[in-house]
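# Working through the structure, step by step
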Amino acid sequence: MTVYRMDHVGVVVEDLAAAVAFFVELGLEPEGETTVEGEWVDQLVGLDGVRADLAFLRTPDGHGRVELSTFHTPVATSGAPRAPVNVPGIPRLTFAVDSVDDVLARLRTHGAELVGEVAQYEDFYRYCYVRGPAGVIIGMVEELR
């Protein structure tokens, strides 16, 4: 076997503190923050002179992790995509939540924008997508059974 688990999902954001607040409001738990720089980081990301701040958050069950990063150097050459949800390569993270309506209301105070509408699939799920930090699409699914 080559892959034995998914370690984490990484998202580059402009405002690290605001992104951390967004994901904490969603229900993730902070794990820690650090700054990275030096030759090993340059080699890893394929850029020269990297200096970035990172924050790590985990899901309450301990199985999922999100890495948020803000790059101070080098300067990005373009902004984050804000393409529709059906464009190939657009990142989307989905989380199971207790109440879509409750979490949606709380995330809106952190700038979340509903992508479509809250939809219900039969009597199984309520589901929605919001745009979160840096335009990343966040799915929230509420199991009804």
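Right, let's walk through the structure included here. In this numbering scheme, every chain counts its residues from 1 along its sequence in written order. For this predicted model, a pLDDT threshold of at least 70 governs which residues receive local features, and a threshold of 80 or more governs which side-chain atom pairs are given and counted, while totals over whole chains, interfaces and linings are taken from all residues. As a convention, hydrogens and water are excluded, and side-chain values are obtained from all of the structure's heavy atoms.

A separate point is the nonpolar core. Counting 26 residues, the largest nonpolar core has Phe 23, Leu 26, Leu 68, Phe 95, Ile 138 and Met 140 as the members making the most contacts within it. Tallying contributions element by element places helix H1 (residues 16–26) first for this core, with six residues. Excluding residues that lie within four positions of it along the chain, Phe 95 makes contacts with Phe 23, Leu 26, Leu 28, Thr 59, Val 66, Ile 138, Gly 139, Met 140 and Val 141. In this text, buried Ala, Val, Leu, Ile, Met, Phe, Trp, Tyr and Cys residues form a nonpolar core when linked through side-chain atoms within 4.5 Å. To sort residues, take the accessible area from a 1.4 Å probe on protein chains only and compare it with the maximum for the residue type: under 20% means buried, over 50% means exposed, and anything in between is partly exposed. Counting residues in each nonpolar core, the second largest holds six residues, with Val 36, Val 41, Val 50 and Phe 56 among its members. Here a strand is any run of E in DSSP of at least two residues, a helix any run of H or I of at least four, and the numbering for each starts at the N terminus. The contact criterion used is simple: two residues touch if any of their non-hydrogen atoms lie within 4.5 Å.

For the rest of this paragraph, the subject is unusual backbone geometry. Residues Thr 73 and Pro 74 are joined by a peptide bond in cis, for which omega reads -10°. Here Pro 74 lies in the loop between strand E4 (65–73) and strand E5 (92–96). At Glu 122, a residue that is not glycine, the phi angle is positive and equals roughly 45°. Within the secondary structure layout, Glu 122 lies in the loop between strand E7 (119–121) and strand E8 (125–131).

Most of strand E9 (residues 137–143) sits out of view: six of its seven residues are buried. Pairing between strands is defined by DSSP: at least two bridges between the two strands are required. By the bridge criterion, five bridges tie E5 to E9 in an arrangement that is parallel. The partner of Arg 92 across the bridge, within E9, is Ile 137. Counting the residues between successive antiparallel strands, the hairpin from E8 to E9 contains five residues, one of them, Ala 134, with a positive phi of roughly 60°.

All right, on to the pattern of salt bridges then. Close approach of charged atoms allows side chains with opposite charge to pair. Any Lys or Arg side-chain nitrogen located within 4 Å of an Asp or Glu carboxyl oxygen qualifies as a salt bridge. In the structure shown here, the tally under the stated rule is 10 salt bridges. The partner of Asp 7 in a salt bridge is Arg 65, and the shortest N-O contact between them spans 3.6 Å. Separated by 58 residues along the polypeptide, Asp 7 in the segment before strand E1 (9–12) and Arg 65 in strand E4 bring together distant segments of the chain. Classification of Asp 7 as partly exposed rests on a relative accessible area of 33%.

A few words on the sheet that holds strand E3 (residues 51–58). Read from one edge to the other, the open sheet built from four strands follows the order E1-E4-E3-E2, with strand pairing classed as mixed. Pairing within the sheet leaves two strands with one partner each, and these edge strands are E1 and strand E2 (29–37). Averaged over all pairs of adjacent strands, the angle between strand axes in this sheet comes to 20°, irrespective of strand direction. In this structure, E1 lies alongside E4, joined through four bridges in parallel fashion. If you follow Val 9 over to E4, its bridge partner there is Val 66. A fitted line through C-alpha atoms represents every axis, and for helices the fit uses only the stretch in contact; the resulting angles, taken between N-to-C directions, go from 0 to 180 degrees. Against the sheet, H1 makes contact with E2, E3 and E4, and its axis sits at roughly 10° relative to E3, the strand it touches most.

Moving on, we get to a nonpolar patch on the surface. Two distance rules govern patches: like charges are joined within 9 Å, and nonpolar side chains (Val, Leu, Ile, Met, Phe, Trp, Tyr) within 5 Å, applied only to residues with over 30% relative accessible area and no salt bridge. All accessibility values rest on the Shrake-Rupley procedure with a 1.4 Å probe; residue burial counts only the protein chains present in the view. Where nonpolar side chains cluster on the molecular surface, the patch consists of Val 12, Trp 40, Leu 44, Val 45, Leu 47 and Phe 71 and spans about 580 Å² of accessible area. Among the elements that line the nonpolar patch, the one with the most residues is helix H2 (residues 39–45), at three residues. Inspection of the secondary structure puts Leu 44 in helix H2. Residue Leu 44 is classed as exposed on the basis of its relative accessible area of 64%.

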